[in-house]
Structures are given as C-alpha cells and as structure tokens.
Amino acid sequence: MTTKSNNTAGVQGPKLVSLADLCAELKIKPREARMILRLAVSKKHEYPALSDAHVPRQPWQWAKGSKALTEAKKALTANQDA
C-alpha cells in the first residue's frame, strides 16, 4: 500500500496583486478604479503592457512587480492628479 505525499502544499505560483489591494494602497474606490482601467486598456499606445495583460470578464489582477501592474498604478494615479 503506497501513499502519496502532499507536495503541492509548498509550491506557490507568482504573487498576485488584486484590484482590491491596489485600491486600498491608492485610496480609491474599486468602481472608479475599474472605470479608469477600462479606459486605460483602450489606450494601447499609452499602456501597452496593461492592454496585453487584461483579459475581458476576468478579475483585475497582476503579478507582483510586473510592468502591467506599474502601468495600472500609473493610470490610476494620473487620474487622481487631474
């Protein structure tokens, strides 16, 4: 009788930053953030990594340290300054 060990418990994927995390960090409402990000995704020339990373009808989340996360922060803070 053989038993399998649970090796998947120690394996972790890349750390993800959710929209809720980003909103808490930037002190912005999630609804407003989603509207801003949808507009930013449509500006592919200005936010290319964000546009490429976004999948419609999927949660807004990014790998920690990714270029798409940097562009998302840039889009959200640029809108706050205006």
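A quick note: this is a predicted structure, and the numbers were derived from the prediction, not measured. (Residues numbered from 1 in each chain as written. Predicted model: local features only at pLDDT ≥ 70, side-chain atom pairs only at ≥ 80, totals over all residues. Heavy atoms only, no water.)

Side note on the overall build of the chain
Defined as follows: Runs of E in the DSSP output that reach at least two residues are strands. Runs of H or I that reach at least four are helices, and both are numbered from the N terminus. Residue contacts are defined here by distance: any two heavy atoms, one from each residue, within 4.5 Å place the two residues in contact. To measure how exposed things are, a 1.4 Å probe is used in the Shrake-Rupley method; for residues, cover is taken only from the protein chains shown.
Summing up its helical and strand segments, the chain has four helices and two strands in all. If you list the helices and strands of the chain from N to C, you get β-α-α-α-β-α. Across the chain, contacts joining residues at least 24 apart in sequence account for 53% of those joining residues at least 6 apart. Carbon together with sulfur atoms contributes 53% to the accessible area of the chain, which is approximately 6300 Å² in total.

A closer look at helix 2 (residues 30–42)
Rules: Multiplying one less than the number of residues by 1.5 Å gives the expected span of a helix. The classification of residues rests on relative accessible area computed with a 1.4 Å probe and restricted to protein chains. Under 20% of the type maximum is buried, over 50% is exposed, and intermediate values are partly exposed. When we speak of the arc, we mean the arc of directions from the helix axis to the C-beta atoms.
Its 13 residues place the ends of helix 2 19 Å apart at the C-alpha level, agreeing with the 18 Å of an ideal helix rising 1.5 Å per residue. Taken together, the buried positions of helix 2 are Ala33, Ile36, Leu37, Ala40 and Val41. All buried residues of helix 2 lie within an arc of 140 degrees about the axis, which places them on one face of the element. In helix 2, the exposed positions angled more than 90 degrees off the buried face are occupied by Arg31 and Ser42.

Quick notes on the nonpolar core
Soluble globular proteins: nonpolar side chains tend toward being buried together. Applied cut-off: Each nonpolar core is a collection of buried residues, namely Ala, Val, Leu, Ile, Met, Phe, Trp, Tyr and Cys, held together in the definition by side-chain atoms within 4.5 Å.
Ranked by internal contacts, the top residues of the largest apolar core, which has 21 residues, are Leu19, Leu22, Ile28, Leu37, Leu50, Trp62 and Leu76. If we skip the residues at most four places from it in the chain, leucine 22 touches Val17, Trp62, Leu69, Ala72, Lys73 and Leu76.

Overview of the packing of aromatic side chains
So the rule is basically this: Each pair of aromatic rings taken from Phe, Tyr and Trp, with Trp reduced to its six-membered ring, is defined by centres within 6.5 Å and is described as stacked if the planes are under 30 degrees apart, edge-to-face if over 60, and tilted in the remaining cases.
Counted according to the given criterion, the structure contains one aromatic pair. Between the aromatic rings of tryptophan 60 and tryptophan 62, the centroid separation amounts to 6.2 Å while the plane-to-plane angle is 35 degrees, which identifies the pairing as tilted. Summarising the burial analysis for this pair, tryptophan 60 and tryptophan 62 share the class buried.

Notes on the pattern of salt bridges
Test applied: Salt bridges are defined by distance alone: a side-chain nitrogen of Lys or Arg within 4 Å of a carboxyl oxygen of Asp or Glu.
Taken as a whole and assessed by the stated rule, the structure comprises two salt bridges. Residue lysine 73 is joined to glutamate 25 by a salt bridge in which the shortest nitrogen-to-oxygen separation is 3.4 Å. One end of the pair, lysine 73, is in helix 4 (residues 67–81); the other, glutamate 25, is in helix 1 (residues 19–26), and 48 residues separate them in sequence. Among the residues examined, lysine 73 registers a relative accessible area of 29% and is labelled partly exposed.

A look at the environment of leucine 69
On the secondary structure map, leucine 69 appears in helix 4. Note: C-alpha distance between leucine 69 and alanine 53 (16 residues apart in sequence) is 9.3 Å. Ignoring sequence-local partners within four residues, the contact set of leucine 69 consists of Val17, Leu22, Trp62, Ala63 and Lys64.

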